[in-house]
Amino acid sequence: MLEFSTQLTHSLLRQFVPSYRFLKIQADTIDRHHVHHTALESSSITVLNWNIAKNNHDLQWLKDFRSMVRHYRPDLIFLQEVRFDLDAAHAVDLPDMSWSYAPNFIDAHHQAYSGVLTAAKTNPIQSRALVTEHFEPIVQTPKVSLVTEYPLNHRSQTLLAINSHLINFVDLQTFRTQLRDLEQAIATHQGPIIFAGDFNTWSGSRSTALEQAATRLGLQEASFSPDDYRKIKRFLLSPPLDYIFYKQLREHRVNARVLHHITSSDHKPLLTEFSC
C-alpha cells in the first residue's frame, strides 16, 4: 500500500508540479541523416515555417503535414514546439529528408522532449542548439534555437539556417537578451541566411526589438500578400508572431503564401521560395 501511495504521489507531482514535470537538459541536438544529396539546389529553395503546437502525434496534423510535404515539396522545413518520445525514434514522417532537433526540456509526465526541428533535403555540415539562460515563469523552462549550416550547389558559401522560438512571459530586457545571443550566432556568417520561427512578438515593443535586430543583421522579412499577412498567428490586434527573414537570397514572392486552410495547429504554416 505504501509503495502504491508513493507511486501515486510521484505521478501527481510529474503531472501537476512544474519543477517535477519539466526537466532541464544539456544543450545538444539530436540528428537523423537519411539522405545523401550533396547540396541544396541554390536556384530554388522552398521554405516551410510552422509552430505545430506539439501536435505531431495527432492524426489530423499528420495528414496535413504529409499533404503539404507532398504538394509543396519544401527543401527546408522549420518546425517549433515539436514533441516526441525520449528514445527519439520518431519525430516527423520525413523519409527523404535529414533533420536536426534541439530540445529545450523533458516533459516527465509524457516522457517526451519538446523543442525545435529543422529538416532539409541534404545533410547539415553542422548543427548546434542555443538554449536561453533565462526561464519562462511558472513552468520554469528555457527556450531554444537551432543553428544549422547546409551546403549549396554551385556555391562556395554555405546557407545558415536559424530556427527560433523566442522566450515568452518575460520582461523586454530578457527578450532582448535572447535576440542578442542570436545576433552573435548570425553576424559572423558570410553566406546566405534564413532566420525563421515563432518570435512571440505579441507587443509593439517586442516587434520593434525584432525589427531592430533584423536591421542590424541586414536581414529582410519575407513578404506575403495583404490577405495572407492577416492570417499569420497573432493575439487580437498584435503584430504577427511568425516570421521568415533572409539575407543574400532572392525571394520568389509569387510563391509566398500562408496556408490558412490548415487547422491542426493554432499557427498557420508560412511558405515561400528563395534562390541565390
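Let me begin by describing the structure that accompanies this report.

About the criteria used
- Residues numbered from 1 in each chain as written.
- Predicted model: local features only at pLDDT ≥ 70, side-chain atom pairs only at ≥ 80, totals over all residues.
- Heavy atoms only, no water.
- Helix = DSSP H or I, 4+ residues; strand = E, 2+ residues; numbered from the N terminus.
- Buried < 20%, exposed > 50% of the residue type's maximum accessible area, 1.4 Å probe, protein only.
- Contact = heavy atoms within 4.5 Å.
- Areas by Shrake-Rupley, 256 points an atom, 1.4 Å probe, with all protein chains shown as cover.
- Expected span 1.5 Å × (residues − 1).
- Polar contact = N/O pair within 3.5 Å; in protein donor to acceptor, adjacent residues only side chain to side chain.
- 1 Å grid on protein atoms, 1.4 Å probe; cavity = no way out; pocket = protein on both sides within 12 Å on 5 of 7 lines; lining within 4 Å.
- Points joined across faces, edges and corners; volume = space filled by probe spheres on them.
- Nonpolar A, V, L, I, M, F, W, Y, C, P; charged D, E, K, R; others polar.
- Salt bridge = Lys/Arg side-chain N within 4 Å of Asp/Glu carboxyl O.
- Arc of directions from axis to C-beta.

Focus on the overall build of the protein chain
Scanning the protein chain for helices and strands turns up six helices and 15 strands. Here the protein chain holds 276 residues, and the buried ones make up 53% of them. Long-range pairs, those at least 24 residues apart, make up 73% of the contacts in the protein chain with a sequence separation of at least 6. On the protein chain, roughly 12,900 Å² of surface is accessible, and the fraction owed to carbon and sulfur atoms is 52%.

Focus on unusual backbone geometry
In the Ramachandran plot, glutamate 81 falls in the positive-phi region, its phi being about 55 degrees despite a non-glycine side chain. Looking at the element boundaries, glutamate 81 is found in strand S4 (residues 76-85). Despite not being glycine, asparagine 200 has its phi angle at roughly 50 degrees, a positive value. Within the element layout of this structure, asparagine 200 appears in the loop between strand S10 (193-198) and helix H5 (204-217).

Observations concerning helix H3 (residues 59-72)
The first and last C-alpha atoms of H3 sit 20 Å apart over 14 residues, in line with the 20 Å expected at 1.5 Å per residue. The inward-facing, buried residues of H3 contact strand S3 (45-51) and S4. Two to three positions downstream of the cap, the backbone nitrogen of glutamine 60 sits 3.0 Å from a side-chain oxygen, assigning the N-cap of H3 to aspartate 58. Residue arginine 73 follows H3 closely and has a positive phi angle near 50 degrees.

A few points about the layout of surface pockets
Considering only enclosed or pocket space, the largest pocket measures out at about 460 Å³ in volume. Along the walls of the largest pocket sit 28 residues, with Lys54, Glu81, Glu136, Lys143 and His165 positioned nearest its centre. Contributions of two or more residues to the lining of the largest pocket are made by strand S5 (98-107) and strand S6 (112-120). The element best represented in the lining of the largest pocket is S6, accounting for three residues. Taken as a whole, the second largest pocket encloses approximately 270 Å³ of empty space. As for the second largest pocket, its lining consists of His37, Arg66, Val69, Arg70, Arg73, Pro74, Asp93, Leu94, Pro95, Asp96, Met97 and Lys121. Residues of the lining of the second largest pocket, tallied by class, amount to five nonpolar, one polar and six charged.

Some points on the pattern of salt bridges
Inspection of the entire model under this criterion finds eight salt bridges. Across the salt bridge formed by lysine 231 and aspartate 227, the nearest N and O atoms sit 3.2 Å from each other. Lysine 233 is the salt-bridge partner of aspartate 266, the closest N and O atoms lying 3.3 Å from each other. In this pair, aspartate 266 is assigned in the loop between strand S14 (257-258) and strand S15 (270-275) and lysine 233 in the loop between helix H6 (226-229) and strand S12 (242-247), connecting sequence segments 33 residues apart. The structure contains a network of salt bridges with shared partners spanning Asp227, Arg230 and Lys231.

Some points on H5
For H5, with 14 residues, the first-to-last C-alpha span of 20 Å sits near the 20 Å given by 1.5 Å per residue. Within the sequence span of H5, burial applies to Arg206, Ser207, Ala209, Leu210, Ala213, Ala214 and Leu217. Down the axis of H5, the sector holding all buried residues measures 160 degrees, keeping them to one side. Away from its buried face, by an angle of more than 90 degrees, H5 presents the exposed residues Thr215 and Arg216. Looking at the buried residues of H5, the elements they touch are helix H4 (172-187) and S12. Immediately downstream of H5, the backbone of glycine 218 shows phi near 75 degrees, a positive value.

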